[in-house]
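What follows is the residue order along each chain.
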Amino acid sequence: MASALSPLRVPKHKGALPSHYYESFLEKKGPHDQDYKKFWAGLQGCTLYFYNSNRDSQHVEKLGLGAFVRLTDEAPWGSSGDPDIYFSLVLCNQEIKFKVESLESREMWKGFILTVVELRVPSNLTLLPGHLYMMAEALAKEEARRAFEVPSCFLEVSRLEAQLLLERYPDCGNLLLRPSGNGGDDVSVTTRQTLKGKSVVRHYKVKREGPKYVIDVEEPFSCASLDAVINYFVSHTNNALVPFLLDEHYEKVLGHVEADKENGESVWVARSTPAAPGAGPAPASDGPKQLPPVPITPVASQGRSPPLLNQEENYVIPTGDDPAATYVNGDVPSPSRPVPKPRKLAKVPKPPIAPKPEPKGLSGGLAKKLAVGSMQTLFPTTGLADLTAELEEKLQRRRALERSAGHAGDQ
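In this text the structure is predicted, and so the values were computed from the model without any measurement. Throughout, a residue's number is its position along its own chain's written sequence, starting from 1. Thresholds applied to this predicted model are a pLDDT of at least 70 for local features of residues and 80 or more for the giving and counting of side-chain atom pairs; totals over whole chains, interfaces and linings are not thresholded and use all residues. Water and hydrogen atoms play no part in the side-chain values, which are based on all heavy atoms of the structure.

Time to look at the packing of aromatic side chains. Under the pairing criterion, centres of Phe, Tyr and Trp rings, with the six-membered ring standing for Trp, must be within 6.5 Å; the plane angle then separates stacked pairs below 30 degrees from edge-to-face pairs above 60, leaving the rest tilted. Within this structure, the stated rule accounts for nine aromatic pairs. Both rings, one in Phe-221 and one in Tyr-232, keep their centres 4.6 Å apart while their planes meet at 25°; by these two values the pair is stacked. Here Phe-221, found in strand E12 (residues 221-223), pairs with Tyr-232, found in helix H4 (residues 226-235); they are 11 residues apart in sequence, far enough to count as distant. According to the relative accessible area criterion, Phe-221 is partly exposed, its value standing at 22%. The residue whose ring lies beneath Lys-38 is Phe-25, and the NZ or CZ to ring-centre distance is 4.9 Å. Only DSSP runs of H or I with at least four residues qualify as helices, and only runs of E with at least two residues qualify as strands; both kinds are numbered from the N terminus onward. Exposure classes here rest on a 1.4 Å probe applied to the protein chains alone. A residue is buried below 20% of its type maximum, exposed above 50%, and partly exposed in between. The criterion for a charge sitting over a ring is simple: Lys NZ or Arg CZ within 6 Å of the ring centre, and within 35 degrees of the ring normal.

Once that is clear, we can look at the nonpolar core. Residues Leu-48, Leu-65, Leu-89, Phe-98 and Trp-109 are the most contacted members of the largest nonpolar core, which totals 31 residues. Elements with a contribution of two residues or more to this core: strand E1 (22-29), strand E2 (37-44), strand E3 (47-51), strand E5 (68-74), strand E6 (85-91), strand E7 (95-100), helix H1 (103-118) and helix H2 (129-147). Broken down by element, the residue count for this core peaks at seven residues, all from H1. By the convention used here, residues are in contact when the closest approach between their heavy atoms is within 4.5 Å. The residues touching Leu-89, leaving out its near neighbours within four places in the chain, are Leu-48, Leu-63, Leu-65, Phe-68, Arg-70, Leu-71, Gln-94, Glu-95, Ile-96 and Phe-98. The criterion is simple. A nonpolar core is a set of buried Ala, Val, Leu, Ile, Met, Phe, Trp, Tyr and Cys residues joined through side-chain atoms within 4.5 Å.

What follows deals with H1. Helix span is expected to be 1.5 Å times the residue number reduced by one. For H1, with 16 residues, the first-to-last C-alpha span of 22 Å sits near the 22 Å given by 1.5 Å per residue. Across the 16 residues of H1, 14 count as buried, placing the element largely inside the fold. Once H1 ends, the next one or two residues include Leu-119, with phi positive near 55°.

Turning our eyes to something else, we now look at unusual backbone geometry. The residue Asn-238 is not glycine, and still its phi comes out positive at about 55°. With respect to the helices and strands, the residue Asn-238 is situated in the loop between H4 and strand E13 (255-259). A positive phi angle, close to 65°, is found at Asn-239, a residue other than glycine. Mapping Asn-239 onto the fold places it in the loop between H4 and E13.

Here it is as structure tokens:
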């Protein structure tokens, strides 16, 4: 009887192994390490990646070659009978020591490192034709990679724009890479630092000479890439210069997701921005400002048009704002017959804002109109309408007495 077919075993999916220009076992000792530590190492671009084993897809350490200075051979570490081979990688800010198992492995590592750093196949190493061919392939890949690689701090701005960016966004960095004003493949480096409270801006020229970039300083320095140019400035200033990275992806308004009460759908709710202090007129320290009791001239900031004046009436417009100023219109008595003394007017209570003196005797139609207009302005509330009517009635009686006295004088 045939046995039942067993299900096929599907191998577990593993992360794809990284692709390197060259890879092999390599023992590394950093400036703070007590002894060598063995890694599976791979060279990709201008970076050395270190793994715990050759089956791992995730590196545990990496080392950039942008600040490359030189490679040197080292004497055997310890006794003279040590079969291992040593060499050192010298960078601008540190020196890393390596140990390999054979002379061929050391020459291969040195050859590939020099190829990606100098963008040329070295000719002064002990290498076989097959090794040289492998390095030529790595060189073609590295040149193609660099053709599309631009540092994050490289911006298509002018000299003045670069300076303004560094001044406006000091928290985003103080080193910016930009095209040179001369055109071509040359670039420029703009830096900004603060010295004794004053801004110090400097511009540096970087010339493109074949595949390399040469920093035009007192001692010209050659770099294999723009990243190496940036690393040179950062490392030679004790990390005082920081590459500029303008990040505009931060939100300024706090928001959250909330369920809609009507349909239950999730909606984004943003908190309204409070009004900035000082946007409007600042109130007085002892409370809100009070408007003057009688508007003299229209104020444009109030946003209201002034009331139209009646051309048939006469308005007295004071020339000062002194609340104690008084305006008196005296009656001219008739020389033929004395005018009876009018009754005294009821004393007007003081307004709530500014006290006003009791007006003296007024003459003619101007007195009536001015008194009525003043009362309406000073007492706009409905509770004082009776007082205004009483004053108007008394003024009418006074006018009647004046007319009767005038007719008697004519007779």
